[in-house]
Amino acid sequence: MRVNDSKDEPLCLICLQKERQLPSRFLLEEDVCVCRECQKKFILHKKSYLIDQVYYHVLFEYDEWAQRLLFQYKDQRDIVLRRVFLSSQEKRFFEKMKKYTLVGLCSSEKKRQERGFEPLLEIFSEYALFVFSPFYKQEEIKQSSLSKQERARIQKILKIKEGYWMPKKKRMLVDDVLTTGNSVQAALSLIPMKEVFVLFAHPLWIESHQKDVKKHDSFFI
Amino acid sequence: MFAYDHGVYYCRKCVAFGRLNVGEQDQRPTIVSKKISVEPLLRFRLTPEQKRVSRQVLDHLLNHKDVFVYAATGAGKTEITFESICSYLAQGKKVGFAISRRQVVLELWERLSSAFPTLRVVAVTQGYTDELDGDLIVCTIHQLYRYPFTFDLLILDELDAFPYAQDPLLHQLVKNACKGERLCLSATIDEQLQKEIDAKKLEVVELFKRPHGKPLIEPKIIQAPVWFQFVLLRLYLECFIRDRKQTLVFVPTRKKAIWIKRMLWGISVESIHAQDPQKDEKMKLFKEKKWDVLVSTTLLERGITIDSVQVIVFQADDPVFTQASLIQIFGRVGRKFSDPYGKGICLCQFRKKSILSCVSTIQKMNRSV
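Basis of the calculations
- All residue numbers here refer to positions counted from 1 along the written sequence of the relevant chain.
- Key to labels: chains lettered from A, ligands numbered from 1, both in the order written.
- Reporting in this predicted model follows two pLDDT cut-offs: at least 70 for local features of residues, and 80 or more for side-chain atom pairs to be given and counted; totals over whole chains, interfaces and linings ignore these cut-offs and use all residues.
- With hydrogens and water set aside, each side-chain value is computed from the structure's full complement of heavy atoms.
- For every residue, the accessible area (1.4 Å probe, protein chains only) is compared with the maximum for its type, and the residue is labelled buried under 20%, exposed over 50%, or partly exposed between those bounds.
- Secondary structure elements follow DSSP: runs of H or I no shorter than four residues count as helices, runs of E no shorter than two count as strands, and numbering proceeds from the N terminus.
- Strand pairing is assigned whenever DSSP identifies at least 2 bridges connecting the two strands.
- Clockwise travel from the first strand over the helix to the second, with the strands pointing away from the viewer, marks a crossover as right-handed.
- The term salt bridge refers to a side-chain nitrogen of Lys or Arg lying within 4 Å of a carboxyl oxygen of Asp or Glu.
- Any pair of Phe, Tyr and Trp rings, taking the six-membered ring for Trp, is counted once the centres come within 6.5 Å. Such a pair is stacked with planes under 30 degrees apart, edge-to-face with planes over 60 apart, and tilted for the rest.
- Placement of a charge over a ring requires the Lys NZ or Arg CZ to be within 6 Å of the ring centre, with the centre-to-atom vector within 35 degrees of the ring normal.

A few words now on the pairing of strand β15 (residues 344-348) of chain B. All names here are of chain B. The element β15 is largely enclosed, with a buried count of 5 among its 5 residues. Alternating positions in β15 separate into two faces, G344, C346 and C348 on one and I345 and L347 on the other, with burial throughout. Where strand β14 (residues 309-313) meets β15, 3 bridges bridge the pair, whose relative direction is parallel. Bridge assignment links V313 to a residue of β15, and that residue is C346. Between the parallel pair β14 and β15, the chain is carried across by helix α9 (residues 323-330), and the sense of this crossover is right-handed.

Laid out in structure tokens, this is it:
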């Protein structure tokens, strides 16, 4: 939701400044929610990696600014920010995503109750994309606060909900941040999928997988 | 500036410090104050200049005046606050120490804990938010949102550092957190501080002499194209390694830190930056002399003390290196009694105003010593 302090001057959802420079899609899209300055702060990556027969599609690089933004969205519960992460994407991106059954790694029940919403679901639902959540964690752990060794424990803790139904069309795992890849690995070991989409990937993960970059014909064009 | 979410409104301007729905009571930590009689445990005596400054600061604070200590890097700003801390604690008043950077909070926490072993010194910053109250609270300025109208004495270090310097919301947090006096510490004066000094809102106390009495290191400026800066960097590093000295190399960006580390083959070198998950461990290992060279972004420009370290700044004309930043960087050299000398090399393509004013400020401080 935007709050206008005057009729024709929308505000950027991130910096709350009046949109001094409207992005070029202005004439095609009514709903511009991030100003040019804030849009530049997203480090666009848009590459695909082929690792163990699975395609990883990475949209942005994870830096301190992205970390703060996600913290404000998830931990400070600034639900309005759900729109900003995919706001720069073209219509055809969403049309491509609609061809998949999107499967998400979700938060714990306790966290969901505290927040009042599921962050990953909200990001995609803004664009009429539903994310299924067949997983749950047996223990309450926050990956981002753990060391590299401790993060590997997710493999033992992540489980599938029994009897959870999902459509048969091809599935894609979605997540917000890819750091070590342990969470994604744990999910893929339970439900094998050929493609993964992440909003942000840590620079160290990107650096260690440079040789795995492989163009996916129909994803990032 | 409100947003609507499932039947409630919340403020979007201060949501970064914790969402508070309209009509909801915020959950403040329970803050306890008690009279504590304590003396600092110092490994060395304060110099006569430090004692003079410490006394002057306390006199101003007891007269309910806000104070600005304009001190050179390595002059012992932290130690001269101890007398004031002890005085306020003895009166049963609450004392807080707030800094812009997380890394410096953790270093300062260790220093204060060893200087006041009988006090419960608590660090409050990202990753350290389980304990929010103690006899002495050390926190990042962002964390001050947890402490409205709490501190009788709020010590603010490195006011010229990012992000405090450019963020009016952080200035407001400081105002809200402090119900008594502010004690500001910095080696440089920015525009905002100058305005407060000119308006007589701050009493200024100067301390330019380092405890060992030796002058600040004046960096040598070498103007050269970037490719030749790299050649010089390598030559200087080999020279310092022969003299068995460690070196900190400062570069403008994380990518350059990683790239330069790769290009310095044959040299014992590591890189470090803010997003590095192993940064705390790498700092510890560098202090233990595991590597000869550490290539860093501005992450290490402040609050870090390493024995006998030399400093080289690569592409010092990059906009990320402001005057304040360069003064702090070269202030890493010659901080210890055992080795008060050292070398600072400033490699640049152009002699920008920030570089020249850094050198002239250091010269001015040295002249007054």
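That shown, we press on.
Right, let's talk about the pattern of salt bridges for a bit. The tally for this structure, following the rule as stated, stands at 26 salt bridges over all chains. The shortest N-O distance in the salt bridge between E61 of chain A and R254 of chain B comes to 2.9 Å. With E61 of chain A in strand β2 (residues 54-61) and R254 of chain B in helix α7 (residues 254-263), this residue pair bridges two chains. Note on accessibility: E61 of chain A and R254 of chain B belong to one class, buried. Taking the shortest distance from any N to any O, the salt bridge between R82 of chain A and E126 of chain A comes out at 3.2 Å. Here R82 of chain A, found in the loop between α2 (64-74) and α3 (91-97), pairs with E126 of chain A, found in the loop between α5 (119-125) and β4 (131-132); they are 44 residues apart in sequence, far enough to count as distant. Its relative accessible area of 29% is what places E126 of chain A among the partly exposed residues.

With that out of the way, let us pick up the packing of aromatic side chains. This structure, assessed with the given rule, holds 25 aromatic pairs over all chains. Arranged with centres 5.0 Å apart and planes meeting at 40°, the rings of F42 of chain A and F60 of chain A form a pair that is tilted. Of this pair, F42 of chain A sits in the loop between α1 (36-41) and β1 (43-51) while F60 of chain A sits in strand β2, and the two are 18 residues apart along the sequence. For the pair F68 of chain B and Y70 of chain B, a centre-to-centre distance of 5.9 Å together with 20° between the ring planes defines the contact as stacked. On the basis of relative accessibility, which here comes to 0%, the residue F68 of chain B falls in the buried class. One residue, R234 of chain B, lies across the ring of W265 of chain B, its end atom 5.0 Å from the ring centre.

Shape is all these values report; function is a separate question.
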